[in-house]
Amino acid sequence: MTSTPTHEIRTPADVLAVSPVIPVVVVEEVEQAVPLAQALLRGGIRVIELTLRSEAGLGAIEAVAREVEGMVVGAGTVVAPAQVQQVKDAGAQFVVTPGSPPRLLEAAVGSGLPLLAGAGTLTEMLTIAEAGLTEMKFFPAEASGGRSYLSSVAGPCPQLRFCPTGGVTPGNARDYLALPNVGCVGGSWLTPRDAVARGDWGRVEELAAAASALASSTAPE
Ligand code: 3PG
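Here is a short report on the structure shown in this document. Worth saying up front: this structure is predicted, and the values here are computed from it rather than measured.

The rules we used
- Residues numbered from 1 in each chain as written.
- Predicted model: local features only at pLDDT ≥ 70, side-chain atom pairs only at ≥ 80, totals over all residues.
- Heavy atoms only, no water.
- Helix = DSSP H or I, 4+ residues; strand = E, 2+ residues; numbered from the N terminus.
- Contact = heavy atoms within 4.5 Å.
- Near = heavy atom within 4 Å.
- Polar contact = N/O pair within 3.5 Å; in protein donor to acceptor, adjacent residues only side chain to side chain.
- Areas by Shrake-Rupley, 256 points an atom, 1.4 Å probe, with all protein chains shown as cover.
- Nonpolar A, V, L, I, M, F, W, Y, C, P; charged D, E, K, R; others polar.
- Phe/Tyr/Trp six-rings, centres within 6.5 Å; stacked < 30°, edge-to-face > 60°.
- Buried < 20%, exposed > 50% of the residue type's maximum accessible area, 1.4 Å probe, protein only.
- Lys NZ or Arg CZ within 6 Å of the ring centre and 35° of its normal.
- Pairing = 2+ DSSP bridges.
- Right-handed = clockwise from strand over helix to strand, strands pointing away.
- Core = buried A, V, L, I, M, F, W, Y, C linked by side-chain atoms within 4.5 Å.

1. Some remarks on the side chain of T165
Here is step 1 of the chain: Secondary-structure assignment places T165 in the loop between strand 8 (161–164) and helix 8 (173–177).
Here is step 2 of the chain: In contact with T165, other than residues within four places in its own chain, are K137, F138, F139, P140, A141 and G186.

Here you go:
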């Protein structure tokens with residue numbers, strides 16, 4: 001696994017190269033975001049996808065971008081074109097969408113921020129490729145066919161590379177990472193809701209340390 005310095009996050013490929021796992025995070029309180037991100041960093045995870053699934057999401061992006069040096073901050077669950085400028089203004093360094101309808105894709109590409117656009121089918125993958133992007137999010141990975149689907153995609157589309165998320169766990173992450181067309185995986189397991197709610201940052205750090213160790217234990221097939 002190559003290590004990409006924070007200041008060099010310019011392309012989707014750079015986003016895929018930061019870490020074997022991108023934590024997909026929901027915070028209910030903005031105040032949770034900074035200690036949570038610091039715990040991930042202590043565990044060796046230098047990237048975070050803070051989702052807009054809660055009202056605190058945008059403020060959380062702003063707080064981590066401002067206060068947690070060394071952390072690459074992305075905005076996740078960006079589902080409406082207007083949100084793209086909001087997350088850019090908040091300091092997000094990359095954007096993640098769960099799906100890729102035309103207006104959202106256009107707004108996100110137009111922002112100039114690295115984008116992991118979501119695709120669950122070959123047609124969606126090719127639509128994203130037509131927009132000039134060869135790296136993308138495969139979502140929801142397990143429900144959309146999982147590892148065997150991505151293996152099949154590599155036949156007709158060997159140039160495409162993925163961050164599978166949705167149903168990725170410590171139990172199957174290694175299998176995904178072993179695929180040649182997978183750059184990293186994403187998942188919410190590093191930041192369990194109960195641990196975040198009670199501020200159990202030690203637990204988050206432990207889970208992050210285990211996830212960052214996936215890099216050294218994964219041999220390409
Ligand atoms: C995502 O948006 O990437 C997913 O909701 C994460 O899925 P998980 O909770 O199954 O890890």
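2. Observations regarding the site of the ligand
Here is step 1 of the chain: Around the ligand, the neighbouring residues are V24, R53, K137, F139, T165, G166, G167, G187 and S188.
Here is step 2 of the chain: Within the side chain of K137, a nitrogen or oxygen atom sits 2.7 Å from an oxygen atom of the ligand.
Here is step 3 of the chain: For the ligand, the accessible surface in isolation is 320 Å², of which the surrounding protein chains cover 80%.
Here is step 4 of the chain: Residues belonging to the shell around the ligand are distributed by class as follows: 2 nonpolar, 5 polar and 2 charged.

3. A look at the packing of aromatic side chains
Here is step 1 of the chain: Overall, the coordinates contain 2 aromatic pairs when judged by the stated rule.
Here is step 2 of the chain: Judged by centre distance (5.5 Å) and plane angle (15°), the rings of F138 and Y149 are stacked. One end of the pair, F138, is in strand 7 (residues 135–138); the other, Y149, is in helix 7 (residues 146–153), with 11 residues separating them in the sequence.
Here is step 3 of the chain: With a centroid separation of 6.3 Å and an interplanar angle of 65°, the aromatic rings of F138 and F162 are classed as edge-to-face. Taken as a pair, F138 in strand 7 and F162 in strand 8 lie far apart in primary sequence, 24 residues in all. As far as the burial class goes, F138 and F162 line up, both buried.
Here is step 4 of the chain: Chaining the aromatic ring pairs together yields one cluster made of F138, Y149 and F162.
Here is step 5 of the chain: Across from the ring centre of F139, 4.7 Å away, lies the NZ or CZ of K137, which sits over that ring.

4. Things to note about the pairing of strand 8
Here is step 1 of the chain: Bridge analysis of strand 7 against strand 8 gives 4 bridges, and the strand direction is parallel. Looking at the pairing, E135 lines up with R161 of strand 8.
Here is step 2 of the chain: Tracing the backbone out of strand 7, into helix 7 and back to the parallel element strand 8 gives a crossover that is right-handed.

5. Quick word on the nonpolar core
Here is step 1 of the chain: Counting residues in hydrophobic clusters, the biggest one holds 73 residues, and the most contacted among them are L40, I48, L50, I61, V64 and V185.
Here is step 2 of the chain: Broken down by element, this core gets its largest block of residues, 6 residues, from helix 2 (residues 33–42).
Here is step 3 of the chain: Setting aside its immediate chain neighbours within four residues, L40 contacts P23, I45, I48, M71, L190, T191, V204 and A208.

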